[in-house]
Amino acid sequence: MLAAAIFAGGSAAAEPSGALQLAGRALAGAAQGNAPPMGLPLQLLVLMGLLAVLPGMLLLMTAFTRIVIVLALLRQALGLGQTPPNQVIVGLALFLTLFVMAPQAERIDEGALKPYAAGQIPLETALDRGSAELRGFMVRQTRARDLRLFLDLARRPPLARGEEVPFAILAPAFVTSELKTAFEIGYLIFLPFLVIDLVVASVLMALGMMMLSPTTISLPIKLALFVMVDGWVLACGSLVSCFGGGS
């Protein structure tokens, strides 16, 4: 059960802000009252620094982790070794991630990037709006049990809303949930191919063909079955739909 709303376990005080929001406030220097905003050169420096953490955000805060693991397990279940190669698997996972995250990216662009580029909002507000969209996606995909685990490890009380969960707790809970979901999907993918391997091995043993490797017979059968059911389209469609169809 996904944790779209996080445990209402008492009237716990809301966390002031996530780690990303705190960094935005510290870097923007926009304190309370009439504090002067950060100059353009320093803002560009901050943005360049944020670009350095984008690969980590791609791996830990988007759909990429689940997708690339499932595709790798699918290749292993087929028994194809390095076919498709790693570059193709990672590239396909990247484009599927862009498709799944497109609605969040559009809302971040409309609500944060464009107003900030037009000078309508400060950097702090842009970071707050962007992190809110990303947080919403992560909370929807995080299991309540995983989130509760990291809240207990951090000795935090139960929180009433996902918006109150700091990124330092939400990020590892999200990654843990994604890993578990990816392995559950991989297990379901392995089952039909495992049945084919067992049937082929049993038939060869019954015929007394001990010296013939079962993989020699089962691999073409698995490939034929995968092609007949249009396996890549089915796998990609299922991966996208398990995130809500990219919404």
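Residues numbered from 1 in each chain as written. Predicted model: local features only at pLDDT ≥ 70, side-chain atom pairs only at ≥ 80, totals over all residues. Heavy atoms only, no water.

A. Examining the packing of aromatic side chains more closely. Taken as a whole, this structure holds 4 aromatic pairs when the rule is applied. Ring centres of phenylalanine 137 and phenylalanine 243 lie 6.1 Å apart, and the angle between their planes is 20°; on these two criteria the pair is classed as stacked. Residue phenylalanine 137 is located in helix H6 (residues 123-141), and its partner phenylalanine 243 is located in the segment after helix H10 (231-241); the two are separated by 106 residues in the primary sequence. In this structure, phenylalanine 137 and phenylalanine 243 share a single accessibility class: buried. Both rings, one in phenylalanine 193 and one in phenylalanine 226, keep their centres 6.4 Å apart while their planes meet at 50°; by these two values the pair is tilted. Highlighted residues: phenylalanine 193 in helix H8 (residues 167-206) and phenylalanine 226 in helix H9 (residues 214-228), separated in sequence by 33 residues. Taken together, the ring pairs in this structure connect Phe137, Phe174 and Phe243 into an aromatic cluster. Against the face of phenylalanine 243 rests arginine 66, its NZ or CZ located 4.0 Å from the ring centre. (Phe/Tyr/Trp six-rings, centres within 6.5 Å; stacked < 30°, edge-to-face > 60°. Helix = DSSP H or I, 4+ residues; strand = E, 2+ residues; numbered from the N terminus. Buried < 20%, exposed > 50% of the residue type's maximum accessible area, 1.4 Å probe, protein only. Lys NZ or Arg CZ within 6 Å of the ring centre and 35° of its normal.)

B. Fine view of the environment of alanine 93. For alanine 93, the location among the structural elements is in helix H5 (residues 86-117). Taking relative accessible area as the criterion, alanine 93 reaches 0% and is therefore assigned buried. Along the sequence, alanine 93 and alanine 63 sit 30 residues apart, while their C-alpha atoms lie 8.8 Å from each other. Apart from the residues lying within four places of it in its own chain, the contact partners of alanine 93 are Phe64, Ile67, Val68 and Leu71. (Contact = heavy atoms within 4.5 Å.)

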